[in-house]
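Analysis of the macromolecular model
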Amino acid sequence: MAAHLATMPAALFLLMLIPAFCSLGRAMSRDEKQKLRTQVVEMFDHAYQNYMDHAYPADELMPLTCRGRVRGLEPSRGDVDDALGKFSLTLIDTLDTLVLLNKTVEFEAAVRRVLSDVRLDNDIVVSVFETNIRVLGGLLGGHSMAVMLKEEGQHMRWYQDELLHMAKDLGLRLLPAFNTSSGLPYPRVNLRYGVRGPETRTGTETDTCTACAGTIILEFGALSRFTGDPVFEAHARRALDFLWEKRQRNSNLVGTTINIHSGEWVRRDSGVGAGIDSYYEYLLKAYVLLGDDQFLQRFNIHYASIMKYISQPPLLLDVHIHKPLLPARTWMDSLLAFFPGLQVLKGDIRPAIETHEMLYQVTKKHNFLPEAFTTDFRVHWAQHPLRPEFAESTYFLYKATGDPYYLEAGRTIMDNLNRFARVPCGFAAMKDVRTGSHEDRMDSFFLAEMFKYLFLLFADTEDLRFNVEDYIFTTEAHLLPLSLSTAPHAPSVLPNRTIPQSEQELDDSNFDWTCPNTRLLFPDPAFPRNLREPIRSAVDKSCPRPAPYREPGMGAPPLRAQDFMANSPEHLELLRRMGVSLIHLKDGRVQLVQHATQAVSPIAAEDGVRFMQEMMELSSQQQKEQLPPRAIQIVSHPFFGRVVLTAGPAQFGTDLSKSSTGVRGFVTVAEPYTGCSEITNGEYVQGHIALLQRGQCMFAEKARHIQKAGAIGGIVVDDNEGSSSDTAPLFQMAGDGRNTDDITLPLLFLFHKEGNILLEALKEYREVEVLLSDKARDRGADVRQAEEDCQTEATTPASSVPIGQAAESRAAESESEATSSQEDQDTSPSQREDVGPTEAEAPKADSGEKEERRVDADAAGQSVDKLLADWRDDLEAFRQMEKDEL
């Protein structure tokens, strides 16, 4: 996957060459597997029984408070609650898991409970996507198991397709959502009233995610073939047809969010994670379940584009559908962990092994997969709601390779669940994988999926009462019989639909129509291990390779990481010769990625490997010097210190944490705003704090230019529109690879949102005085004095004077989002470089204006109140940071 530009961005450095052998796997004995299998069942019992004892008939268990989550009685969690429909969600989602784990008595009792207690005509708005995969899928999976058990003759002999009747009832309640001109469903539907009319409280939405519209075909197709009613499959096919028609024709990728009426892409980033994931999954599985070659053709076209643009093993990074060579973000979400399993089903084992290994190493580093993590494997979003996708891919890779390594991966998953997520009333989601804090939440998919895949991972054939190869797993791991492929179904081409030319020209020679023979793929049992080892080295750096031997007279010594300058054409050419490429990321950084095959010679390729290793070691060394956040406090009228902006520090210049005083001065916008050349308004910058825009040169270069102009400090504002300290980890500004002892002023970094606050204040009040410090001063102590000072207005700001006393000592660690840790930063300071987009015009103080500016007291008060209302979150975040430090 990709990396960042300039000096040393927090980029991922992939070492995908020569394997480094650290350890060898060993076969797991039958007794060990049986012990683990028994442990899986015990863990399931702990979760399921606590749901039944403390939560049923509620939709989900709240394991910390040992009670059920009932929608409307608990504080709203936003869209997450759309999965809850007062239909005993967890019980329905768990039905076929009971059978797989050989709990047939419990299954029969659960089915009777569903039939007697669950109602589907509730006046409640639910997610079409979640209700389809969890409830409809759960009912169909339960029906499949009930039919299988009834045919065996020992259980469920009373069963007369009652679950199927409920499934059809639910399907009919979901159908009104498909009443759009495009055929794409509304994202939500009222189970009683549909989507039209005021009583529905829905039907006004215009957008839906690609996965939400494209993850219907398995359940609706199965429902049509079970019942003989083609209407469900026809609607699901129509939605898939529309998505296919709206793909970007050059890249053959789809976006993340689409307008359900016009078909316009609302979000044009494309990946294999959240928002798109199961769309691709259902294209391939629809071919397997329903037997229609058209689904496989479409999947293969998409898959080729995924492997061309999104997959850079072991990473899977989102790109723009219209510019697929341009990365759309620098982090990955945990939902993409399903993709190696899908690649196994496709038969593309090598990238599946590589991506899975990367995910495994991230799991071992953080105990769980964070909800999102950066390309250098740091936490981006710290939550983990007990997602099963990594366990899913682990199971499929073990089935494909037979490698006991994946059994050990499964053991790791179980150990971490028991050590960190198990609580007396079940298993609790992780609120923060870094601190181990819990969330009062146990989603239904934990019982529906996690224990299925873990049990199957350790199960032998004799441990299963049916052949799982006769079924396909839905995205919620519900079991649908492959025999449905021969059942009556809707036509694959609906009336009034023309087949695109691109499909008419396809023939069988373009596609692989059978799964590979894994015995031929893996004649060497060590093959999967050989793919994993370089990735392990890249993630945890535990297996460094020795420097390559260079014969005398083989040319000049290679470029060293500590000498690298990203703005040097000579250095960039050397990187190219070593097979190292620079990929520009959206936030202005770049990432370094090495491909040995692109090097000009084997020696150059080895030099590239060495360079990458040195860069990682340099990054690791600098990461040990993580600095805490700094504060920019607006102290002038009418703010009086009440507005505090969280700022990122620099690894050079004045260290505000080691000084008992801050630096106080009036803010002036530097010209040029980027600060990448000599300052032209030096007479205004002198004695002031210069405001700069990120981009086009190194941070250290900006600092030197404003220092030369006489500034007493500097503030760099991010040029990545929309960035905020609320959502992004702390940013630290690195040096330029040279000695920075000559820089003696403090330089702080503001994200775009916080920078705009300062710019707007400057535009509104013209003379804005700030205090740069390691933490905010007591805001109450100075208000009276500041107000008295403002009684005598001056036409020019007074000279800046360092003042301020930090009263509290900084704690060693803080759980505040504003603080920095080695694992929660979006980017490594040693790898971040300040190369941004073209300079943008920013508000500047009108230096030629000599009149006093007088503001009506009432108007000023209203303006301040409005600003403070907008900045309340920032103030609260900083207060929390200070509280944590105490």
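Residues numbered from 1 in each chain as written. Predicted model: local features only at pLDDT ≥ 70, side-chain atom pairs only at ≥ 80, totals over all residues. Heavy atoms only, no water.

Moving on, we come to the overall build of the chain. Broken down by element type, the chain carries 26 helices and 30 strands. For the chain, the proportion of contacts with a sequence separation of at least 24, taken over those separated by at least 6, is 75%. Of the roughly 34700 Å² that the chain leaves accessible, carbon and sulfur atoms contribute 49%. (Helix = DSSP H or I, 4+ residues; strand = E, 2+ residues; numbered from the N terminus. Contact = heavy atoms within 4.5 Å. Areas by Shrake-Rupley, 256 points an atom, 1.4 Å probe, with all protein chains shown as cover.)

For the rest of this paragraph, the subject is helix α7 (residues 217-227). Counting buried residues in α7 gives 9 out of 11 residues, a clear majority hidden from the surface. Residues Ile217, Leu218, Glu219, Phe220, Gly221, Ala222, Leu223, Ser224 and Arg225 constitute the buried set of α7. Downstream of α7 by a residue or two, Gly228 has a phi angle that is positive, lying close to 85 degrees. (Buried < 20%, exposed > 50% of the residue type's maximum accessible area, 1.4 Å probe, protein only.)

Here we take up the packing of helix α8 (residues 231-245) against helix α9 (residues 277-290). Two numbers describe how α8 lies on α9: the axes approach to 12 Å, and their chain directions differ by 130 degrees. One element, α8, and the other, α9, form an angle in the oblique class. In the packing of α8 onto α9, the handedness of the crossing is left-handed. Here Glu233, Leu240, Leu243 and Trp244 of α8 lie close against α9, whose contacting residues are Tyr279, Leu283 and Leu290. Each residue belonging to the contact of α8 with α9 can be placed in one class, and the counts come to 6 nonpolar, no polar and 1 charged. (Axes fitted to C-alpha atoms, helices over the stretch in contact; angles between N-to-C directions. Parallel < 35°, antiparallel > 145°, perpendicular 65-115°, else oblique. Left-handed = near helix turned anticlockwise from the far one by under 90°. Nonpolar A, V, L, I, M, F, W, Y, C, P; charged D, E, K, R; others polar.)

Here we take up the side chain of Lys452. You can see Lys452 is positioned in helix α15 (residues 444-458). A polar atom in the side chain of Lys452 sits 2.8 Å from the side chain of Asp96. Not counting residues within four places of it along the chain, the set of residues in contact with Lys452 comprises Asp96, Thr97, Leu100, Phe473, Ala477, His478 and Leu479. (Polar contact = N/O pair within 3.5 Å; in protein donor to acceptor, adjacent residues only side chain to side chain.)

Let us look at the pattern of salt bridges. For the structure shown, the criterion picks out 49 salt bridges. Salt-bridge contacts for Arg71 lead to Asp82; the nearest nitrogen and oxygen are separated by 3.2 Å. Taken together, the positions of Arg71 in the loop between β3 (67-69) and α2 (89-100) and Asp82 in the loop between β3 and α2 put the pair 11 residues apart, joining distant regions of the chain. Exposure remark for Asp82: the relative accessible area of 9% places this residue in the buried category. (Salt bridge = Lys/Arg side-chain N within 4 Å of Asp/Glu carboxyl O.)

Turning our eyes to something else, we now look at the pairing of strand β25 (residues 643-647). Here β25 lies mainly inside the structure; 5 of its 5 residues are buried. Burial along β25 is two-sided: Val643, Leu645 and Ala647 and Val644 and Thr646, pointing in opposite directions, are all buried. Judged from the 5 bridges that link them, strand β24 (residues 630-634) and β25 form a sheet pairing that is antiparallel. Across the sheet, Ile632 pairs through a bridge with Leu645, a residue of β25. (Pairing = 2+ DSSP bridges.)

This next bit is on the environment of Leu149. Its place among the elements puts Leu149 in helix α4 (residues 128-152). The class for Leu149 is buried, based on a relative accessible area of 0%. Each C-alpha atom, one on Leu149 and one on Thr104, is 8.4 Å from the other, the two residues being 45 residues apart in sequence. Leave out the neighbours within four places in its chain, and Leu149 touches Val99, Thr104, Phe107, Gln154, His155, Met156 and Arg465.

Aromatic ring pairs: the centre-centre distance and the angle between the two ring planes describe each pair. In the structure shown here, the tally under the stated rule is 29 aromatic pairs. Following the ring pairs from residue to residue traces out a cluster consisting of Phe44, Tyr48, Phe427, Phe446 and Phe451. The ring of Tyr405 has Arg532 sitting right over it, with the charged end atom 3.6 Å from the ring centre. Above the plane of the ring of Tyr406 lies Arg532, whose end atom (NZ or CZ) is 5.3 Å from the centre. (Phe/Tyr/Trp six-rings, centres within 6.5 Å; stacked < 30°, edge-to-face > 60°. Lys NZ or Arg CZ within 6 Å of the ring centre and 35° of its normal.)

In this section: the sheet that holds strand β27 (residues 689-693). Whenever strands of a sheet pair, they do so through backbone hydrogen bonds, lying parallel or antiparallel. One open sheet holds the 7 strands; their spatial order is β25-β24-β30-β26-β27-β28-β29, and the pairing between them is mixed. Edge positions in the open sheet fall to β25 and β29 (747-750), since each of these has one partner strand only. Each neighbouring strand pair of the sheet contributes to a mean axis angle of 30 degrees, computed without reference to strand direction. As paired elements, strand β26 (residues 663-669) and β27 share 3 bridges and run parallel to each other. Residue pairing across strands places Thr668 opposite Ala690, the latter belonging to β27. Where helix α23 (residues 752-765) meets the sheet, its contacts fall on β24, β25, β26, β27, β28 (713-717), β29 and β30 (769-773), and the angle it forms with β25 comes to roughly 140 degrees.

All right, on to the state of the cysteines then. This model, assessed by the stated rule, comprises 3 disulfides. Linked covalently through their sulfurs, Cys209 and Cys212 form a disulfide whose S-S length is 2.0 Å. Every disulfide takes its handedness from the sign of the S-S torsion; for Cys209 and Cys212 that torsion is 90 degrees, giving right-handed. No difference in accessibility class separates Cys209 from Cys212, as the two residues are buried. Across the disulfide, Cys676 is cross-linked to Cys697 (sulfur-sulfur distance 2.1 Å). Judged by the sign of its S-S torsion, about -85 degrees, the cystine formed by Cys676 and Cys697 is left-handed. One end of the pair, Cys676, is in the loop between β26 and α21 (682-685); the other, Cys697, is in the loop between β27 and α22 (699-708), and 21 residues separate them in sequence. Comparing Cys676 with Cys697 shows no difference in burial state: the two are buried. (Disulfide = S-S within 2.5 Å.)

This brings us to the confidence of the model for the chain. For the chain, the average pLDDT comes to 80, and 75% of its residues sit at 70 or higher. Every residue in residues 1-24 scores below 50 in pLDDT, and together they form 146 contacts with partners more than four places removed in sequence or on other chains. The low-confidence segment residues 779-784, where pLDDT is below 50, has 9 contacts with residues more than four positions distant or belonging to other chains. (pLDDT = per-residue confidence, 0-100.)

Moving on: the sheet that holds strand β6 (residues 207-209). Taken together, the 3 strands give an open sheet; going across it, the order is β6-β7-β8, and neighbouring strands pair in antiparallel fashion. Sheet topology places β6 and β8 (265-267) at the edges, where each strand pairs with a single neighbour. Recorded for the sheet is a direction-independent mean angle of 35 degrees between the axes of neighbouring strands. Sheet topology note: the β6/strand β7 (residues 257-259) ladder contains 3 bridges and is antiparallel. The residue of β7 that forms the bridge with Asp207 is Asn259.

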